[in-house]
Amino acid sequence: MRNINLGMSKSQVIDVMGKYYIVSSASKDNQENIKEILAYKSDVNEEYKLVFINDKLTEWNRVFTNCREHVYKPVVETKNDKAN
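As a starting point, this report considers the structure included with it.

Here is what the cut-offs are and how they apply
Residues numbered from 1 in each chain as written. Predicted model: local features only at pLDDT ≥ 70, side-chain atom pairs only at ≥ 80, totals over all residues. Heavy atoms only, no water. Helix = DSSP H or I, 4+ residues; strand = E, 2+ residues; numbered from the N terminus. Contact = heavy atoms within 4.5 Å. Areas by Shrake-Rupley, 256 points an atom, 1.4 Å probe, with all protein chains shown as cover. Phe/Tyr/Trp six-rings, centres within 6.5 Å; stacked < 30°, edge-to-face > 60°. Buried < 20%, exposed > 50% of the residue type's maximum accessible area, 1.4 Å probe, protein only. Salt bridge = Lys/Arg side-chain N within 4 Å of Asp/Glu carboxyl O. Core = buried A, V, L, I, M, F, W, Y, C linked by side-chain atoms within 4.5 Å.

Another point: the overall build of the chain. Tallying secondary structure elements over the chain gives 2 helices and 4 strands in all. Across the chain, helices and strands are ordered from the amino to the carboxyl terminus as α-β-β-β-β-α. Considering only contacts within the chain whose residues lie at least 6 apart along the sequence, 26% involve residues at least 24 apart. Carbon and sulfur atoms provide 48% of the accessible area of the chain, an area that totals close to 6,900 Å².

Next up, the structure:
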């Protein structure tokens, strides 16, 4: 993110951040301005959301994700479960 600056084009940002992103949102306003939000996941339970209006970066946000939602939790069968 240190190499990202407001005003960069979408292709410039992708050159810096990489091609592994998802389009989180896309819309068009009354003046036909195209708004697109790209999301990049990091290795430390963060997601960066980059907002582009007409292909120019206008805003970015860091969102902390809940890492516990994706943790595999095995189901342990108890003796009471086997009796039922």
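There is more to say, and it comes next.
It is worth spelling out the environment of Ser-11 at this point. Along the polypeptide, Ser-11 turns up in helix H1 (residues 10–17). Linking Ser-11 and Asp-55, residues 44 residues apart in sequence, is a C-alpha distance of 8.3 Å.

Scanning the model with the defined rule gives 2 aromatic pairs in all. Arranged with centres 6.0 Å apart and planes meeting at 55 degrees, the rings of Tyr-48 and Trp-60 form a pair that is tilted. Here Tyr-48 is found in strand E3 (residues 46–53), whereas its partner Trp-60 is found in strand E4 (residues 56–64), with 12 residues between them in sequence. Look at Tyr-48 and you get buried, because its relative accessible area is 13%. Accessibility expressed as a relative area gives 37% for Trp-60, which makes it partly exposed.

The subject of this paragraph is unusual backbone geometry. Its identity as a non-glycine residue notwithstanding, Asn-54 has a phi of 50 degrees, on the positive side. Secondary-structure assignment places Asn-54 in the loop between E3 and E4. Exposure remark for Asn-54: the relative accessible area of 41% places this residue in the partly exposed category.

On to the pattern of salt bridges. If the charged atoms of two oppositely charged side chains come close together, the side chains can form a pair. In total, this model carries 5 salt bridges according to the counting rule given. Lys-41 is the salt-bridge partner of Glu-47, the closest N and O atoms lying 3.7 Å from each other. The class of Glu-47 is buried, set by a relative accessible area of 10%. For Lys-41, a relative accessible area of 62% gives the class exposed. With its nearest N and O atoms 3.4 Å apart, the salt bridge here joins Lys-49 to Glu-47.

The biggest cluster of nonpolar side chains holds 10 residues, and these are Ile-4, Met-8, Val-13, Ile-14, Leu-38, Tyr-40, Tyr-48, Leu-50, Phe-52 and Leu-57. Going through the elements one at a time, H1, strand E2 (34–41) and E3 are the ones with two or more residues in this core. When residues of this core are assigned to their parent elements, the largest contribution, 3 residues, is made by E3. Among all residues touching Phe-52, those that are not within four sequence positions of it are Met-8, Ser-9, Lys-10, Val-13, Ile-34, Lys-35, Glu-36, Leu-38 and Leu-57.

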